[in-house]
Amino acid sequence: MKKTALILSILIGGLAFITPLEKVVFAQEKNTKKIEQAINLTQNDAKKLLIDFNNKVDYIYQGTHNDFKYLQEKGLKGFVFLPDVETDIGYFVDENTSHIYAFHPSGYLELEK
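All of these numbers come straight from a predicted model, not from anything done at the bench.

So, on to the environment of leucine 109. Topologically, leucine 109 is positioned in strand E5 (residues 108–111). Placed 17 residues apart in sequence, leucine 109 and phenylalanine 92 show a C-alpha to C-alpha distance of 8.2 Å. Ignoring anything within four residues of it in the chain, the contact list for leucine 109 reads Tyr70, Leu76, Phe92, Tyr101, Ala102 and Phe103.

Rendered as structure tokens:
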């Protein structure tokens, strides 16, 4: 049993020397970039998330983070929608995280989901 453990340890240690660390790190960085790019939502994706969140109302597109000074100041990126009901509170969907926030341009921003 001790001989088997010793032989396995030597083999595993030898494999560590054969595989260059640079290749392992490079592969991880490359995969991470692909994952980050895949997260960004489109306007349609954001609306689908809102409908999944509450399908009892329709949502009217109001613009992106570029249209709202408060979102620009916070460095947030995403889409703003108003529910098709009488209210002054809309929803902001973060394009990077898919989080849904209750939002008002005056500076109200609260995580919903």
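That shown, we press on.
Here we come to the sheet that holds strand E1 (residues 59–64). The strand order across the open sheet formed by 5 strands is E1-E2-E3-E4-E5, and the pairing between neighbours is antiparallel. Where the open sheet ends on each side, the last strands, each with one partner, are E1 and E5. The mean angle between the axes of side-by-side strands here comes to 30°, regardless of whether they run parallel or antiparallel. One ladder, built from 4 bridges, connects strand E3 (residues 90–94) with strand E4 (residues 100–104); its direction is antiparallel. Considered in E4, the bridge of glycine 90 is made with phenylalanine 103. Contacting E1, strand E2 (78–83), E3 and E4, helix H3 (residues 43–53) crosses the sheet at an angle of about 45° to E2.

This next bit is on the pattern of salt bridges. Under the counting rule described, the total for this entry stands at 1 salt bridge. A salt bridge links lysine 47 to aspartate 58, with the shortest nitrogen-to-oxygen separation between them at 3.6 Å. Of the two residues, lysine 47 is situated in helix H3 and aspartate 58 in the loop between H3 and E1; the sequence distance between them amounts to 11 residues. When its relative accessible area of 39% is taken as the criterion, aspartate 58 is described as partly exposed.

With that settled, the discussion passes to the side chain of threonine 64. Secondary-structure assignment places threonine 64 in strand E1. Take threonine 64: its relative accessible area is 17%, and that puts it in the buried class. Beyond its immediate chain neighbours, meaning those up to four positions away, threonine 64 contacts Gly78 and Phe79.

With that settled, consider the pairing of E2. Most of E2 is tucked away: 5 of the 6 residues are buried. Where E1 and E2 come together, 5 bridges link them in antiparallel fashion. Within the sheet, the bridge partner assigned to isoleucine 60 lies in E2 and is leucine 82. Examined bridge by bridge, E2 and E3 share 4 bridges and lie antiparallel to one another. Across the sheet, the residue bridging to phenylalanine 79 is valine 93, located in E3. Remark: 6 residues form the turn of the hairpin made by E2 and E3, two consecutive strands paired antiparallel.

Reading the values: rules and limits
- Residues numbered from 1 in each chain as written.
- Predicted model: local features only at pLDDT ≥ 70, side-chain atom pairs only at ≥ 80, totals over all residues.
- Heavy atoms only, no water.
- Helix = DSSP H or I, 4+ residues; strand = E, 2+ residues; numbered from the N terminus.
- Contact = heavy atoms within 4.5 Å.
- Pairing = 2+ DSSP bridges.
- Axes fitted to C-alpha atoms, helices over the stretch in contact; angles between N-to-C directions.
- Salt bridge = Lys/Arg side-chain N within 4 Å of Asp/Glu carboxyl O.
- Buried < 20%, exposed > 50% of the residue type's maximum accessible area, 1.4 Å probe, protein only.

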